[in-house]
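Per-entry structural report
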Amino acid sequence: MATESTSSNSRGIGRIGTHLERLGPTWLAGAIAAGPATMGSLLVAGASFEYALLWVVVLSAILGTVGQYLAMRLGLLTEAGIVSVAERHLGSFWAWVLVVDAVLAAGLAQIVIMKTLASVSATIAAEAGVGVAALTDPRLWGVAWAVLLALGLAGGGYRFAEAGAKVLVSIVVVAFLAAAFVAPIDPGAAATGLVPAIPAGVDGALVAAGILGGAVHITLLTMQSYTMRARGWTVRDADTALVDVASSMLLAFGAFSLAVFLVAASVLPSAGVDPATIDGVGAAQTLGPVAGEYATWVFLAGLLGAAVSTLGGNTIVPPYLLADKLGWERSTDDGRYRAAIAGFALISAVGAFLGGTFFQLLVLTLAFGLVGTPFAIAVLLVLLNDPDVVPETNSLPANVGGLALFAVAAVLAGEFVQGELETIAEPASAFVVVFAAAMALAIVGLAGKYGRERLAA
């Protein structure tokens, strides 16, 4: 009997291991979502309003899951990348708009996040008391990480990125959950944050929008069909794909967001931290006197893992889209695709040489990414509601969720563009505004095209 029981348990563990091994595509999206940019919004929210925006943190995980679910459906039902599907059914022009939109957003994010990773690496070296001065120089770390990223992804391809994402995201989630465990969280006060309310008027709305924007982004939406194709998933794998989406975005990303937010809300306000200047390193150093040196190191380790996992996932997005549009094989066996991955990874080293603070550059990064996101959502909704594209069009709940996503992304993008209008005389702000106007026209044009075709049908 004991032998049978042991054998049964082994088979059960084996089945669980098999299912976990099959998961992966959405974990790359989760790796990008659970990055320094999202962390910045969560830290500012906790430092500014304590627990008041906890309900927004929960909502962001839900909406992020909805977005990846829609992208997953398109990939499974068409068994093709989103760019080739858009080109086949919408036309080459719209496919190029999608490619340029995603490449610009991912490219800027790549550079800014590398700046964060390089700074964190140098900070950890300094905190550890490393005697070599060069190891406390962010520029050295930026070049080193860029080379490592290029060698790993160009050599290992998708499997390397997926394995790294699963390991790093898991470490990040555990690290921040550990930090949350030692932080002085007030459960009663936290529970009040589950009641929907926006504090401090417009400022509260902007911070809430920033939290939601971390989970709903063009890079996450466009990469999903390619990561599933790299796995060879089809409609027959729909159940596995659904578990993949839920485990990555709803559970892992949700746990990351909750842990970072709860730590920030419980520690930063009482420490007198200025929300306008706080960043991940500052939060870690502030946590030390409250919860001990252990908490500082755990938080820094989580921040490092978040930056690495985000860069790894983000690096493969532009090469995927370009390869799909130009007809390259999306495999490291194709020299052109391999060169695109290596080149995009190496370009990120520029971030370590940029001046300014992370949050100053983050404004521009979020503006680009979020301004382009509503167009990507619109493309998904148009394609998923066209019976010539998919054999099973969207259900009513799926469309309601998609429209809610579109509304959140559009409002958030509008807030950023409004801020850039105030400094439109500066070249960077002017470019953001022009880009926003182009994306708005693209959405109107796409909606008009879809309306005309539906009326003609």
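Residues numbered from 1 in each chain as written. Predicted model: local features only at pLDDT ≥ 70, side-chain atom pairs only at ≥ 80, totals over all residues. Heavy atoms only, no water.

Note on helix geometry: an α-helix contains 3.6 residues per turn, so any two residues three or four positions apart are oriented the same way. The end-to-end C-alpha separation of helix H3 (residues 36-49) is 20 Å, in line with the 20 Å expected for 14 residues at 1.5 Å each. One or two positions beyond H3, positive phi appears at glutamate 50, with a value near 55°. (Helix = DSSP H or I, 4+ residues; strand = E, 2+ residues; numbered from the N terminus. Expected span 1.5 Å × (residues − 1).)

Further remarks concern the packing of helix H14 (residues 317-326) against helix H15 (residues 335-347). Relative to each other, H14 and H15 sit at 150°, their axes nearing to 9 Å. One way to sum up the angle between H14 and H15 is to call them roughly antiparallel. Helix-helix and strand crossings are classified by hand; for H14 and H15 the assignment is right-handed. Contact residues: H14 offers Pro318, Pro319, Tyr320 and Ala323, while H15 offers Tyr337, Ala340, Ile341 and Phe344. Along the lines of polarity and charge, the residues of the contact of H14 with H15 split into eight nonpolar, no polar and no charged. (Axes fitted to C-alpha atoms, helices over the stretch in contact; angles between N-to-C directions. Parallel < 35°, antiparallel > 145°, perpendicular 65-115°, else oblique. Left-handed = near helix turned anticlockwise from the far one by under 90°. Contact = heavy atoms within 4.5 Å. Nonpolar A, V, L, I, M, F, W, Y, C, P; charged D, E, K, R; others polar.)

In terms of nonpolar packing, the biggest core is built from 120 residues, with Leu53, Leu74, Phe256, Phe261 and Phe375 touching the most fellow members. For this core, the leading source of residues is helix H11 (residues 238-267), giving 13 residues. Apart from the residues lying within four places of it in its own chain, the contact partners of phenylalanine 261 are Leu42, Ala45, Gly46, Glu50, Tyr51, Leu53, Leu54 and Val57. (Core = buried A, V, L, I, M, F, W, Y, C linked by side-chain atoms within 4.5 Å. Buried < 20%, exposed > 50% of the residue type's maximum accessible area, 1.4 Å probe, protein only.)

For threonine 393, the position within the fold is in the loop between helix H16 (358-384) and helix H17 (396-421). For threonine 393, a relative accessible area of 33% puts it in the partly exposed group. For the pair threonine 393 and valine 382, spaced 11 residues apart in sequence, the C-alpha separation works out to 9.9 Å. With residues near it in sequence (within four places) discarded, threonine 393 still touches Arg73, Leu384, Asn385, Asp386 and Pro387.

Moving on, we get to the pattern of salt bridges. Inspection of every chain in the model, using the stated rule, returns six salt bridges. When the shortest N-O distance is used, the salt bridge between aspartate 137 and arginine 139 registers 3.0 Å. In this structure, the salt-bridge partner of aspartate 324 is arginine 330, at a minimum N-O distance of 3.3 Å. Given the relative accessible area of 11%, aspartate 324 is considered buried. Judged by relative accessible area, arginine 330 falls into the partly exposed class, the value being 30%. (Salt bridge = Lys/Arg side-chain N within 4 Å of Asp/Glu carboxyl O.)

Here we come to a nonpolar patch on the surface. A cluster of nonpolar residues, Val58, Leu59, Ile62, Leu194, Leu250, Leu251 and Leu258, forms a patch on the protein surface that exposes about 550 Å² of accessible area. For the nonpolar patch, the secondary-structure elements that each account for two or more residues are helix H4 (54-78) and H11. Within the secondary structure, leucine 194 sits in the loop between helix H8 (187-192) and helix H9 (201-215). For leucine 194, a relative accessible area of 48% puts it in the partly exposed group. (Patch = residues over 30% accessible without salt bridge, like charges linked within 9 Å, V, L, I, M, F, W, Y side chains within 5 Å. Areas by Shrake-Rupley, 256 points an atom, 1.4 Å probe, with all protein chains shown as cover.)

All right, on to unusual backbone geometry then. Backbone geometry places glutamate 50, a non-glycine residue, at a positive phi of 55°. Summarising the element assignment, glutamate 50 is placed in the loop between H3 and H4. Unusually for a residue other than glycine, glutamate 79 sits at a positive phi of about 55°. Tracing the backbone shows glutamate 79 in the loop between H4 and helix H5 (82-89). Look at glutamate 79 and you get partly exposed, because its relative accessible area is 38%.

Right, let's get into the side chain of threonine 373. Of note, threonine 373 is situated in helix H16. Classification of threonine 373 by relative accessible area gives buried; the value is 0%. One polar contact links the side chain of threonine 373 to the main-chain amide nitrogen of isoleucine 218, over a distance of 3.0 Å. Among all residues touching threonine 373, those that are not within four sequence positions of it are Val216, His217, Ile218, Leu221 and Ala409. (Polar contact = N/O pair within 3.5 Å; in protein donor to acceptor, adjacent residues only side chain to side chain.)

The next thing to look at is the environment of proline 196. Here proline 196 lies in the loop between H8 and H9. Assessed through its relative accessible area of 59%, proline 196 is described here as exposed. Proline 196 sits 142 residues away from leucine 54 along the chain, and the two C-alpha atoms are 8.6 Å apart.

On to the packing of aromatic side chains, then. In the structure shown here, the tally under the stated rule is five aromatic pairs. A ring pair is formed by phenylalanine 93 and tryptophan 94, whose centres lie 5.1 Å apart and whose planes are at 80°; its orientation type is edge-to-face. Note on tryptophan 94: relative accessible area 13%, which makes it buried. Taking 6.2 Å as the distance between ring centres and 25° as the angle between the ring planes, the aromatic pair formed by tryptophan 94 and phenylalanine 375 counts as stacked. Of the two residues, tryptophan 94 sits in helix H6 (residues 92-127) while phenylalanine 375 sits in helix H16, which places them 281 residues apart along the sequence. Of the aromatic side chains, those joined through ring pairs into one cluster are Phe93, Trp94 and Phe375. (Phe/Tyr/Trp six-rings, centres within 6.5 Å; stacked < 30°, edge-to-face > 60°.)

This paragraph deals with the confidence of the model for the protein chain. In the predicted model, the protein chain carries a mean pLDDT of 80, and the fraction of residues at 70 or more is 79%. Highest mean pLDDT in the protein chain belongs to H5 (92); lowest belongs to helix H1 (residues 2-22) (50). Residue range residues 4-16 is modelled with pLDDT below 50. Its contacts to residues more than four positions away, or to other chains, number zero contacts. (pLDDT = per-residue confidence, 0-100.)

What follows is about the side chain of aspartate 324. In this fold, aspartate 324 is placed in helix H14. A distance of 3.0 Å separates a polar atom in the side chain of aspartate 324 from the backbone nitrogen of serine 84. Setting aside chain neighbours within four positions, we find aspartate 324 in contact with Gly81, Ile82, Val83, Ser84, Tyr226 and Arg330.

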